[in-house]
Amino acid sequence: VLAVPVLIKQALENTEMEEGKSVSLRCELSKADAAVVWKKGEATLQASAKYEMKQKGTVAELVIHNAEPEDA
C-alpha cells in the first residue's frame with residue numbers, strides 16, 4: 001500500500017500582530033486530520049496557555065495568545 005503524502009494546499013501567510021493580542025496562523029492541507037507539528041525554528045511548540053493548536057478537517061490553526069515581538 002502506497003502512502004499518499006500530505007501536501008500544504010494553502011501555506012501560512014505573513015501576519016502582522018499587535019503586541020499583547022492574539023494572532024491566528026492557518027494552513028490548509030491536502031488530507032483531512034493529518035498530524036501537524038508546529039515549530040518555531042528547530043523547537044516544537046507544545047499546547048499551553050500561550051500556544052493553542054486547532055485542527056478541523058483540512059485546516060490546521062495555531063493561535064498565539066499575548067503575542068510578543070519574540071513570537072515573530
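Residues numbered from 1 in each chain as written. Predicted model: local features only at pLDDT ≥ 70, side-chain atom pairs only at ≥ 80, totals over all residues. Heavy atoms only, no water.

Draft legend 1. Representation of the overall build of the protein chain. If you tally the helices and strands in the protein chain, you get zero helices and six strands. Across the protein chain, helices and strands are ordered from the amino to the carboxyl terminus as β-β-β-β-β-β. With respect to the three principal axes, the spread of C-alpha positions in the protein chain is 45 × 20 × 20 Å. Within the span of the protein chain, comprising 72 residues, buried residues form 22% of the whole. With an accessible surface of roughly 5600 Å², the protein chain has 53% of that area assigned to carbon and sulfur atoms. Across the protein chain, the mean location of the 9 positive side-chain charges is 7 Å away from that of the 12 negative side-chain charges. (Helix = DSSP H or I, 4+ residues; strand = E, 2+ residues; numbered from the N terminus. Buried < 20%, exposed > 50% of the residue type's maximum accessible area, 1.4 Å probe, protein only. Areas by Shrake-Rupley, 256 points an atom, 1.4 Å probe, with all protein chains shown as cover. Lys, Arg positive; Asp, Glu negative; His and termini not counted. Charge placed at Lys NZ, Arg CZ, Asp CG, Glu CD.)

Draft legend 2. Region of the structure containing the layout of surface pockets. The calculated volume of the largest pocket comes to roughly 330 Å³. Considering the residues around the largest pocket, the lining is formed by 16 residues, among which Leu25, Leu62, Ile64, Asp71 and Ala72 are closest to the centre. Elements with a contribution of two residues or more to the lining of the largest pocket: strand S2 (23-29), strand S3 (39-40) and strand S6 (59-64). Its residues placed into classes, the lining of the largest pocket shows 10 nonpolar, two polar and four charged. If you add up the space inside the second largest pocket, you get close to 160 Å³. In terms of lining, the second largest pocket is formed by Val6, Leu7, Ile8, Leu12, Cys27, Leu29, Ala34, Ala35, Val36, Val37, Trp38 and Lys39. Looking at the lining of the second largest pocket residue by residue, the class counts come to 11 nonpolar, no polar and one charged. (1 Å grid on protein atoms, 1.4 Å probe; cavity = no way out; pocket = protein on both sides within 12 Å on 5 of 7 lines; lining within 4 Å. Points joined across faces, edges and corners; volume = space filled by probe spheres on them. Nonpolar A, V, L, I, M, F, W, Y, C, P; charged D, E, K, R; others polar.)

Draft legend 3. A look at the environment of Leu12. Looking at where Leu12 falls in the secondary structure, it is placed in the loop between strand S1 (8-10) and S2. Residue classification places Leu12 among the partly exposed residues on the basis of a relative accessible area of 44%. For Leu12, the contacting residues outside a window of four places in its chain are Leu25, Arg26, Cys27 and Trp38. (Contact = heavy atoms within 4.5 Å.)

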